[in-house]
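Coordinate analysis (summary)
Single-letter residue listing:
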Amino acid sequence: AQKVTQAQTEISVVEKEDVTLDCVYETRDTTYYLFWYKQPPSGELVFLIRRNSFDEQNEISGRYSWNFQKSTSSFNFTITASQVVDSAVYFCALSVNPVGQNRDDKIIFGKGTRLHILP
Amino acid sequence: NAGVTQTPKFRILKIGQSMTLQCTQDMNHNYMYWYRQDPGMGLKLIYYSVGAGITDKGEVPNGYNVSRSTTEDFPLRLELAAPSQTSVYFCASRPTGGGSYNEQFFGPGTRLTVL
């Protein structure tokens, strides 16, 4: 069975601090994809990044960076020099591709981490 | 493209009433999903569909029904509304090509209150 754990329910940091959101996943599949989504206070869900199981390169996009480590089954998300606009709920998700089982192709979400950036 | 659209945005129902939440996507995606998000909680999958005429139960299907007669539309039906169904409902779609590589595209959500 697949599972995504975001152990940090809620985090508060002061603006300009760095913050890391943890994501630990479980799957027996060798091919899988990991995602991060952002849900700002307005409520919509916004796709941030995708990473496949064969690519352990870290990724940086502006103030955002992602660290994927298969050895620890983690896909952590770091915001550098946080800003108030980063306040949101962040979801980590796992998608697997079981061979010949198209009916099971769905994404498993973690419970989310609510991030508060204090001015 | 309008993407994924949901109607209505807000709705208040009385216990026992029924309603249909509409979801339409114009991206020709085969996969579509319904989630509910309770206050302060994560997303729970209600139903999903891998194509027209095919639907499957998710994690919390009780009290809901779906149909998928076209690629574009994936309505969610609540037959006998209960207070436990108070939630925000998100519809999502996903392209088929590339399998699990693809991210989901979410609608703006429907906020439902059952009193």
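Before going into details, it helps to say that this report is about the structure given with it. Because the structure is a prediction, the values reported are computed rather than measured.

Parameters and conventions
- Residues numbered from 1 in each chain as written.
- Chains lettered and ligands numbered in written order.
- Predicted model: local features only at pLDDT ≥ 70, side-chain atom pairs only at ≥ 80, totals over all residues.
- Heavy atoms only, no water.
- Core = buried A, V, L, I, M, F, W, Y, C linked by side-chain atoms within 4.5 Å.
- Buried < 20%, exposed > 50% of the residue type's maximum accessible area, 1.4 Å probe, protein only.
- Helix = DSSP H or I, 4+ residues; strand = E, 2+ residues; numbered from the N terminus.
- Polar contact = N/O pair within 3.5 Å; in protein donor to acceptor, adjacent residues only side chain to side chain.
- Pairing = 2+ DSSP bridges.
- Disulfide = S-S within 2.5 Å.

A short note on the nonpolar core
Residues and elements named next belong to chain A.
- Among the nonpolar cores identified, the biggest contains 25 residues, and Trp36, Phe77 and Tyr90 are the most heavily contacted of them.
- Of all the elements in the fold, those that place two or more residues in this core are strand S2 (10–14), strand S3 (19–21), strand S5 (32–39), strand S8 (64–69), strand S9 (74–79), strand S10 (88–96) and strand S12 (113–118).
- The biggest single contributor to this core is S10, with five residues.

A word on the side chain of serine 87 of chain A
- Structurally, the position occupied by serine 87 of chain A is in the loop between S9 and S10.
- In terms of polar contacts, serine 87 of chain A uses its side chain to reach the backbone amide nitrogen of isoleucine 117 of chain A, at 3.0 Å.

Observations concerning the pairing of S2 of chain A
Residues and elements named next belong to chain A.
- The alternating pattern of S2 places Ile11 and Val13 on a buried face and Glu10, Ser12 and Val14 on a face that is not buried.
- With five bridges connecting them, S2 and S12 associate as parallel partners. Residue pairing for S12: glutamate 10 is matched across the bridge by arginine 114.

Some points on the state of the cysteines
All names here are of chain B.
- All chains considered together, the criterion is met by two disulfides over all chains.
- The disulfide bridge from cysteine 23 ends at cysteine 91, spanning 1.8 Å between sulfur atoms. Since a negative S-S torsion denotes a left-handed disulfide, the cysteine 23-cysteine 91 link at about -70 degrees is left-handed. Of this pair, cysteine 23 sits in strand S3 (residues 19–25) while cysteine 91 sits in strand S9 (residues 87–94); the two residues are 68 residues apart in sequence, bridging distant segments of the chain.
- Owing to a relative accessible area of 0%, cysteine 23 belongs among the buried residues under this scheme.

Thoughts on unusual backbone geometry
- Note that the residue after threonine 7 of chain B, namely proline 8 of chain B, is joined by a cis bond; omega there is -5 degrees.
- With respect to the helices, strands and loops of the structure, proline 8 of chain B is situated in the loop between strand S1 (4–7) and strand S2 (10–13).
- Despite not being glycine, lysine 16 of chain A shows a phi value in the positive range, around 85 degrees.
- The residue lysine 16 of chain A is located in the loop between S2 and S3 in this model.

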